[in-house]
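What follows is each chain in one-letter form.
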Amino acid sequence: MTTEQPPAEGRIAEAGRLGDGADPGVWEVFRQEKDGDPMRHAGNVRAPDRELALSYARELYSRRQESVRLWVVPRTEISDLTDPDLLQPPLDRSFKKPGGYVMRDKLEVAKNKAKERAAETTNE
Amino acid sequence: MTTEARLPTRQLIQPDVPQFDRRTLKPEARDALTGLLLTMADDEFVIGFRDSEWTGIAPMLEEDVAFSSIAQDEIGHARVWYEMLAQLTGDGADRLAFHRQPSEYRHARLIDQERQGWGYTITRRWLYDTADSVRLAALAESSFEPLAEVVAKVRREERYHLMHLDKWLERLATRPGTPRGKVLSALKQLAPVALSVFTPLPGEERLVEAGIIAAPMSELADRWLATVNPRLTELRLRCVPEGRPPADGRDHAVPSDAFTALWTDFTSVARLEEGVEW
Amino acid sequence: MTDPISLEPILSPEERPTPTFADPGLTHEQRYDAFVEHVHAGLKVEARDWMPDEYRTSVLRFVEMHANSELMGVLPEREWIMRAPTLKRKLALTAKVQDECGHAQLLYRVAEDLGKPREQMYQDLLDGKTKYHNVFHYPTKSWGDVGIIAWLVDAAAIVAQQALRESSYGPYSRTMKKICWEESVHIMHGRDVVVTMMNGSQMQRDMVQEALDRWWGPLMQMHGPRTDPAKDRDLFWRIKEKTGEQLRQEFLSTYVPRLWEIGLSPPDPELRLDEAAGEWRYTEPDWQELRTVVTGHGPMSQERLDFRRLNHDQTAWVRDMILTASSAAA
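Here the residue numbers are simple positions, counted from 1 along each chain's written sequence. Each chain gets a letter, beginning with A, and each ligand a number, beginning with 1, in the order they are written. In keeping with the predicted nature of the model, local features appear solely for residues at pLDDT of at least 70, side-chain atom pairs appear and are counted solely at 80 or more, and the whole-chain, interface and lining totals rest on all residues. Side-chain figures throughout are based on the complete set of non-hydrogen atoms in the structure, without hydrogens or water.

Q: Kindly report on the overall build of chain B, identifying the contributing residues and their values.
A: Looking only at helices and strands, chain B features nine helices and zero strands. In chain B, the succession of α and β elements from N to C terminus is α-α-α-α-α-α-α-α-α. Viewed in the frame of its principal axes, chain B has a C-alpha envelope of about 60 × 55 × 35 Å. Only protein chains enter the accessibility calculation, which uses a 1.4 Å probe; a residue is then buried when its area is under 20% of its type maximum, exposed when over 50%, and partly exposed in between. Here chain B holds 278 residues, and the buried ones make up 56% of them. Here a residue-residue contact requires only that any non-hydrogen atoms of the pair lie within 4.5 Å. Look at the contacts in chain B between residues 6 or more apart in sequence, and 77% of them connect residues 24 or more apart. The secondary structure listing takes helices from DSSP runs of H or I that are at least 4 residues long and strands from runs of E that are at least 2 residues long, numbered from the N terminus.

In structure tokens, the structure reads:
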């Protein structure tokens, strides 16, 4: 194979799908590293039922006592949202973030004006 | 070379077995306790061995990892019992585990044979672990505190084994055809040796007298039958026949071929040279 | 009161770009080019992303071989679990082999989500259609091998695995981080076994050196022959980040001094560090041997596959039972 390979077809792999039509034998595992931490996705296991799923999650994701809590969720129960129009809509939303309020220049001006006014008052 | 260790790199290894003075025990009780601990250590050692054989070749990868943990727990339990013995007898734990002749081992006949297939393994482990659980319960309130302390820790680990194995037994027993058939045939094979875990021990009356163990082995056998047979009935499986535990249930004066082969293997490196460290 | 500016910043769209290649409105060519740009920028691909077929098949092949290697890697070591000479060593070795199984599980799951069922991967492995790493085709002869394998083979593997933590394929990259974290203890264990023996009797020292003599060749072959980076598709797709030669050099730099310092000598009279070039020199490994071995003609290749096949067949009834239970529960 060389870098001159013409682009072949492309697709989305269905095997890893979430939600409806997902593989019912796969359970997603979430773990908590230590007290106060959020649950984080860690991976997944194959199991025929919830009990074994928890058992296997313990083995694969806490064999070295590295987790204080584990959740397992059947893959069929997970809904996936990646639509950029919903998650990263294009129009300006800077009013929602602290970084959307750039005050430095205004503040400089306000401070200087306040100094001037204070100076005027003393002069009177 | 960086590693992403989240654990502290140097962990203090706490001894599992508290230090004790063997002279706090009367000599007869001490001898009887040594006998009891040896049976427990050898039981855990042998079953741990057999089950660790599934590591890498269990029916499913996920189950492989789970079952291997159970085997490691058993070896870990064997280790604590050997370490207690080491304090009672002055012999080292590894010495006891690896440097006896096959005829000197005192494990129950129930676990003497090879691991065979998955059905036999699960059935045998279930029988053994339920029996061990009755034995441990009888030691939980032991007047000999170091023992009670260690038993408490061991029982907490065993709880997970029991849950896991019972689930597997149920899974197999309730599936008609091959799975159920394997369990039935294993029970048939194991019935004659099922009670061997409760083989009476020399001097066990001393242990009962001293409050080290709650009851003699024959009574523990009855307690065990009272817990397992209802469960077996519930799963519509053959019950363990009532009876007296065999007097020679831990006697390996003529060791089986299976155990001799196991012993030859597990001592092969240890016997290469006396007195070296591995 | 906390100054709001100092709170965790919300990234602007420029700092967290949406993959362009995900846009179904683009032509295939545009998507392909956007995808290449994406991975060349060091960004990740996830299981449910659109990807060029060549990328998907390349990742799958790479991960599958890795998974196979973990699975087959179990076999040389598990017989020594039975023979471990102390309780501590038995526990450590069982835990190590358990880890290899755990790693196989993680990797097969990654491959499954790319579209190949686990059972089919097992069949292809057993039928010789897919490969596993060379080192697992060789026999083990003594406890010395246990130390050498756990220390050096795992070290050589970790050198490769650490580089893979930055793989463009997200699930693989995350799995590699977990695997690297878990593997670190294996090397400690292996080195402990070797050092203990080197501190022991003459018989023990001879045993270790003899094992090293046998394993050095396969170890040097492990990272593969020097390749032209420009022609390496796995590098192009950023599935892997380093060439085989880079990995071999890293391995030699770290581990040869550690062998020498305890009195062990790799059986290569040419082995030395060329200070001026900053590179290790060595006798050219036998690439013919490597080719022969990975195509299933190594000393233990068939025996180990046969053993796996036997166990697989004997436990098929359990998997069948579990499989029908899963579908019933769905």
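Q: Break down the overall build of chain A for me, citing the residues and quoting the values.
A: Counting its secondary structure elements, chain A contains three helices and four strands. Scanning chain A from its N terminus toward the C terminus, one meets helices and strands in the order β-β-β-α-β-α-α. Its C-alpha atoms give chain A a radius of gyration of 28 Å, clearly above 14 Å, the size a compact globule of 124 residues would have. Dimensions of chain A along its principal axes, counting C-alpha atoms only, are 85 × 50 × 30 Å. Looking at chain A residue by residue over its 124 residues, the buried ones come to 29%. A separation threshold of at least 6 residues defines the contact pool for chain A, and within that pool the share at least 24 residues apart is 49%. For chain A, the computed accessible surface area is about 8700 Å², with 52% contributed by carbon and sulfur atoms. Counting rule applied: Lys, Arg positive; Asp, Glu negative; His and chain ends not counted. In plain terms, the charge of a residue is placed at NZ if it is Lys, CZ if Arg, CG if Asp and CD if Glu. Each charge class in chain A was averaged separately, 21 positive and 23 negative side chains, and the resulting centres sit 5 Å apart. C-alpha atoms define the radius of gyration, and 2.2 Å times the number of residues to the power 0.38 defines the globule rule. With residues, only the protein chains shown are counted as cover, and all accessible areas are computed by Shrake-Rupley using a 1.4 Å probe.

Q: Report on empty space enclosed by the protein, specifying residues and quantitative values.
A: Each cavity reported here is a set of points on a 1 Å grid over the protein atoms alone in which a 1.4 Å probe fits but cannot get out, each pocket an open set with protein on both sides within 12 Å along at least five of seven lines, and each lining residue one with an atom within 4 Å of a point. Grid points are joined across faces, edges and corners, and a volume is the space filled by probe spheres set on the points. Counted under the stated rule, the structure contains two cavities of 30 Å³ or more. By volume, the largest cavity amounts to about 170 Å³. As for the largest cavity, its lining consists of 16 residues, of which A58(B), L71(C), Y122(C), R308(C) and H312(C) are closest to the centre. Counting residues per element, the ones that place at least two in the lining of the largest cavity are α2 (61-89) of chain B together with α4 (118-126) and α11 (301-314) of chain C. In terms of residue class, the lining of the largest cavity is built from nine nonpolar, four polar and three charged. Within this model, the second largest cavity holds a volume of roughly 40 Å³. Around the second largest cavity, the lining residues are L127(B), L187(B), L190(B), A191(B), A194(B), R238(B), C239(B), V240(B) and P241(B). Only Asp, Glu, Lys and Arg are considered charged in this grouping, and only Ala, Val, Leu, Ile, Met, Phe, Trp, Tyr, Cys and Pro are considered nonpolar; every other residue, Gly among them, is considered polar. Looking at side-chain class alone, the lining of the second largest cavity contains eight nonpolar, no polar and one charged residues.

Q: An account of the confidence of the model for chain A is requested, with residue identities and associated values reported.
A: Overall, the prediction assigns chain A a mean pLDDT of 86, with 93% of residues at 70 or greater. pLDDT is a per-residue confidence score from the predictor, ranging from 0 to 100. Across residues 1-5 of chain A the pLDDT falls below 50, and counting only partners more than four positions away or on other chains, this stretch makes nine contacts in the model.

Q: Give a description of the packing of helix α6 (residues 170-198) of chain C against helix α7 (residues 202-221) of chain C that names residues and reports values.
A: Residue and element names in this part refer to chain C. Axis definition: a line fitted to C-alpha atoms, limited for helices to the stretch in contact. Angles are taken between N-to-C directions and run from 0 to 180 degrees. At a closest axis distance of 7 Å, the pairing of α6 and α7 adopts a crossing angle of 135°. Put simply, α6 runs oblique to α7. Contacts between α6 and α7 involve V194, M197 and M198 from the first element and Q204, R205, M207 and V208 from the second. A per-class count over the contact of α6 with α7 returns five nonpolar, one polar and one charged. If an angle is under 35 degrees, it is roughly parallel; if it is over 145, roughly antiparallel; if it lies from 65 to 115, roughly perpendicular; otherwise it is oblique.

Q: I'd love a proper account of the interface of chain B and chain A, names of residues and values included.
A: Contacts between chain B and chain A engage 13 residues on the former and 15 residues on the latter. Summed over both partners, the interface of chain B with chain A buries about 1100 Å², with 53% contributed by carbon and sulfur atoms. Each salt bridge in this description consists of a side-chain nitrogen of Lys or Arg and a carboxyl oxygen of Asp or Glu lying within 4 Å of one another. At the boundary of chain B and chain A, one finds two salt bridges. One salt bridge connects K167(B) with E51(A), and the closest N-O pair in it is separated by 3.1 Å. Counting of polar contacts relies on pairs of N or O atoms within 3.5 Å, with two restrictions inside protein: one atom must be capable of donating a hydrogen and the other of accepting it, and residues adjacent in sequence are counted only when both atoms are side-chain atoms. For the pair chain B and chain A, the number of links is eight residue pairs in polar contact (both at pLDDT 80 or more). Counting residues per element, the ones that place at least two in the side of chain B that touches chain A are α2 and α5 (145-173) of chain B. A simple way to read buried area is as the amount of 1.4 Å-probe accessible surface that goes missing from two parts once joined, with both sides added.

Q: Hey, could you go over the state of the cysteines for me, with residue numbers and the actual values?
A: Disulfide assignment relies on a single distance test, namely cysteine sulfur atoms paired within 2.5 Å. For the coordinates displayed, the defined rule picks out zero disulfides over all chains. Here C180(C) is not cross-linked by a disulfide; its sulfur's nearest cysteine counterpart is in C101(C), at 18 Å.

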